[in-house]
Amino acid sequence: QVQLVESGGGLVQAGGSLRLSCAASGRTFTIYIMAWFRQAPGSEREFVADINWRSGNINYADSAKGRFTISRDNAKDTMYLQMTGLKSEDAAVYYCAAKTPPLRVAYDYWGQGTQVTVSA
């Protein structure tokens, strides 16, 4: 009912910046929370940030605070993750996820992921 497509990943130098996008389609009016997760090779998937689609309330993982900014454009059904001061440990596949009613602990929809590679 909801499709999510990430974009904006690529190769960036350490200390550089990158903006990821997650475009939602389908029954986007049902979205309650959208979030960014990431998974590095050999590591568990970890939470990065989320945003309440209606209130705009935001939560960040400690690793993202001060460097990453999550935002949304409701009219475009798009979520963004502006990343600055990128470090080698930020290299991962970044996924967007959405939660819709009935609310559960687990997220209901996931994108295919976009690769972020940090060089130098």
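Description of the structure in this document. (Residues numbered from 1 in each chain as written. Predicted model: local features only at pLDDT ≥ 70, side-chain atom pairs only at ≥ 80, totals over all residues. Heavy atoms only, no water.)

1. Points about the side chain of Lys99
Assignment of secondary structure puts Lys99 in strand β9 (residues 92-99). Buried and unpaired, Lys99 has Asp108 as its nearest opposite-charge partner, separated by 6.9 Å. Excluding residues that lie within four positions of it along the chain, Lys99 makes contacts with Thr30, Ile31, Tyr32, Ile33, Arg104, Val105, Ala106, Tyr107 and Asp108. (Helix = DSSP H or I, 4+ residues; strand = E, 2+ residues; numbered from the N terminus. Buried < 20%, exposed > 50% of the residue type's maximum accessible area, 1.4 Å probe, protein only. Lys, Arg positive; Asp, Glu negative; His and termini not counted. Salt bridge = Lys/Arg side-chain N within 4 Å of Asp/Glu carboxyl O. Contact = heavy atoms within 4.5 Å.)

2. Topic: the environment of Tyr94
Considering the arrangement of structural elements, one finds Tyr94 in strand β9. As for Tyr94 and Phe37, which are separated by 57 residues in sequence, their C-alpha atoms are 5.7 Å apart. When residues no more than four places from it in sequence are discounted, the contact partners of Tyr94 are Glu6, Leu20, Trp36, Phe37, Arg38, Val48, Phe68, Leu81, Met83, Gly113, Thr114 and Val116. A distance of 2.9 Å separates a polar atom in the side chain of Tyr94 from a polar atom in the side chain of Arg38. (Polar contact = N/O pair within 3.5 Å; in protein donor to acceptor, adjacent residues only side chain to side chain.)

3. Section: the nonpolar core
Residues Leu4, Trp36, Met79, Leu81, Met83 and Tyr94 are the most contacted members of the largest nonpolar core, which totals 28 residues. Elements supplying a minimum of two residues to this core: β1 (2-7), β3 (18-26), β4 (33-39), β5 (46-52), β7 (68-73), β8 (78-83), β9 and β11 (114-119). One finds Ile33, Ala35, Ala97 and Tyr107 within the second-largest nonpolar core, a separate group that totals five residues. (Core = buried A, V, L, I, M, F, W, Y, C linked by side-chain atoms within 4.5 Å.)

4. Remarks on the sheet that holds β1
Spatial strand order, β1-β3-β8-β7: four strands in an open sheet with antiparallel pairing. Edge positions in the sheet fall to β1 and β7, since each of these pairs with one other strand and no more. Sheet twist, expressed as the mean angle between neighbouring strand axes with direction ignored, is 15°. Pairing between β3 and β8: six bridges, direction antiparallel. Across the sheet, residue Cys22 finds its bridge partner in β8, namely Met79. (Pairing = 2+ DSSP bridges. Axes fitted to C-alpha atoms, helices over the stretch in contact; angles between N-to-C directions.)

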